[in-house]
Amino acid sequence: MKITEITIRQLKMKLKAPFTTSFGTFDERDFLVLEAKEESGLIGWGESVAFHSPWYNEETLQTNWHMLEDFLIPLILNKEIHHPDEVSQLFEPIRKNNMAKSTIEGAIWDIYAQQTGQSLATALGGKKEKIDVGISIGIQNSIEELVALVDGYVKEGYKRMKIKIKPGWDVEVMRTLRETFPDVAFMADANSAYRLEDAETLKQLDAFNLTMIEQPLASDDIIDHASLQKLIETPICLDESIHSLEDARKAVELGSTKIINIKIGRVGGLTEAKKIHDYCEAHNIPVWCGGMLESGIGRAHNVALTTLSNFILPGDTAGSNRYWEKDIIEPEVVVKDGYIEVPQQIGIGYEINRETVSSFTVAQKTYQ
Ligand SMILES: O=C(O)CCC(=O)c1ccccc1C(=O)O
Ligand SMILES: [Mg+2]
């Protein structure tokens, strides 16, 4: 294939309910959507999961736009590409900026799946026809409100509840949840809110039979995570620390992580995500697919990736209606009885609603 035209759009979508992590609160989501046209007319879509500000990692929507416009798009336009795996080779001269790279790579995987007449899931090597779904629940104003939310999500069928924690919103919260819901699968996500000195607090979480604790320590620290894992029983799962297969290998070899949260954007695309998946499968490290409050496009890519065999644990890719009044794809991603049915149509398996995309677009530019 040859990509002859790329359009970047900046979208702004209001979240149904604010989402709070140890870093702060979101009321709306600002992100980039990329539309790539191939010479015979096929169109592929990608989403940049970078946020408006660099709290999760160093990338932002604006740095992604800059990287795409000034470096990445020129490396892709009018090049002959036989397989999406070649994209990461074309991007080799550019360091990091994984979310920006992933935005284009996702669109190319979409086109490749269409060209070869298969769903994105099948093109990636996925076999599952439905995937297990969990949900990530932000920090609330009170434990009572959190209990009420969890109760609702249990009734909706979500298979695992991820609870955002931070110092002061941790042990008592998890104790109450465990006492109220003895049989629910719970895990906690700290988004790097702790230091190794907090090991005593984190050790108290061992009493609540959590499936895992996600990214308790700093985003660039796999050494202290290995020390912490020796002090606590709850398995550690790394999120922010893993940007590549090499990061995954080192963290696994050091004993810093027993489970890995794979996010397509954070690792630079589907090809690298698949490599991490394959490495973890060979080393008995279960993986699951993280979420970044995606629109339908990123969500569809997550659904496809999750069909690979070592995505054993439920992911964070909840239904569109958990985030948006109206998503930009049709049909929307629907969760029923804790599952998402994987679409079998070619490509990402959902149609992009251009009218809805336009209604959320605040800036756009086309490159040829
Ligand atoms: O529902 C989702 O999309 C995942 C929510 C979530 O936990 C999250 C959302 C934004 C940034 C980071 C994270 C995270 O996994 O740490
Ligand atoms: Mg996380």
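Everything numeric in this text was worked out from a predicted model, so none of it was measured.

What about the pattern of salt bridges?
Where charged atoms of side chains with opposite charge meet at close range, the side chains can pair. Scanning all chains against the criterion turns up 21 salt bridges. The closest approach of N and O atoms between Glu330 and Lys326, which form a salt bridge, is 3.9 Å. Judged by its relative accessible area of 40%, Glu330 falls in the partly exposed class. Salt bridges sharing partners connect three or more residues here, namely Arg160, Lys162, Lys164, Asp189, Glu214 and Asp316.

What to know about the packing of helix α9 (residues 245–254) against helix α10 (residues 270–282)
Where α9 contacts α10, the two axes come as close as 9 Å, and the packing angle between them is 25°. The angle between α9 and α10 places the two elements in the roughly parallel class. The element α9 and its partner α10 pack so that their crossing is right-handed. Contact residues: Leu245, Ala248, Arg249, Val252 and Glu253 in α9; Glu272, Lys275, Ile276 and Tyr279 in α10. Per-class residue counts for the contact of α9 with α10 are five nonpolar, no polar and four charged.

A short note on the UniProt feature "domain: Mandelate racemase/muconate lactonizing enzyme C-terminal" (unreviewed entry) in the chain
Per the UniProt annotation, the sites labelled "domain: Mandelate racemase/muconate lactonizing enzyme C-terminal" (unreviewed entry) are residues 143–235. Taken end to end, residues 143–235 is 42% helix and 11% strand, and its two terminal C-alpha atoms sit 24 Å from one another.

What about the sheet that holds strand β5 (residues 135–137)?
Judged by pairing direction, the sheet is parallel, and its seven strands sit side by side in the order β5-β6-β7-β8-β9-β10-β11 without closing on themselves. Either end of the sheet is taken by a strand with one partner, and the two such strands are β5 and β11 (287–289). Here strand β9 (residues 236–238) runs beside strand β10 (residues 259–262); their pairing, made up of two bridges, is parallel. By the bridge assignment, Leu238 is partnered in β10 with Ile260.

Analysis parameters
- Residues numbered from 1 in each chain as written.
- Chains lettered and ligands numbered in written order.
- Predicted model: local features only at pLDDT ≥ 70, side-chain atom pairs only at ≥ 80, totals over all residues.
- Heavy atoms only, no water.
- Salt bridge = Lys/Arg side-chain N within 4 Å of Asp/Glu carboxyl O.
- Buried < 20%, exposed > 50% of the residue type's maximum accessible area, 1.4 Å probe, protein only.
- Axes fitted to C-alpha atoms, helices over the stretch in contact; angles between N-to-C directions.
- Helix = DSSP H or I, 4+ residues; strand = E, 2+ residues; numbered from the N terminus.
- Parallel < 35°, antiparallel > 145°, perpendicular 65-115°, else oblique.
- Left-handed = near helix turned anticlockwise from the far one by under 90°.
- Contact = heavy atoms within 4.5 Å.
- Nonpolar A, V, L, I, M, F, W, Y, C, P; charged D, E, K, R; others polar.
- UniProt positions renumbered as here; feature names shortened; annotations may be inferred.
- Pairing = 2+ DSSP bridges.

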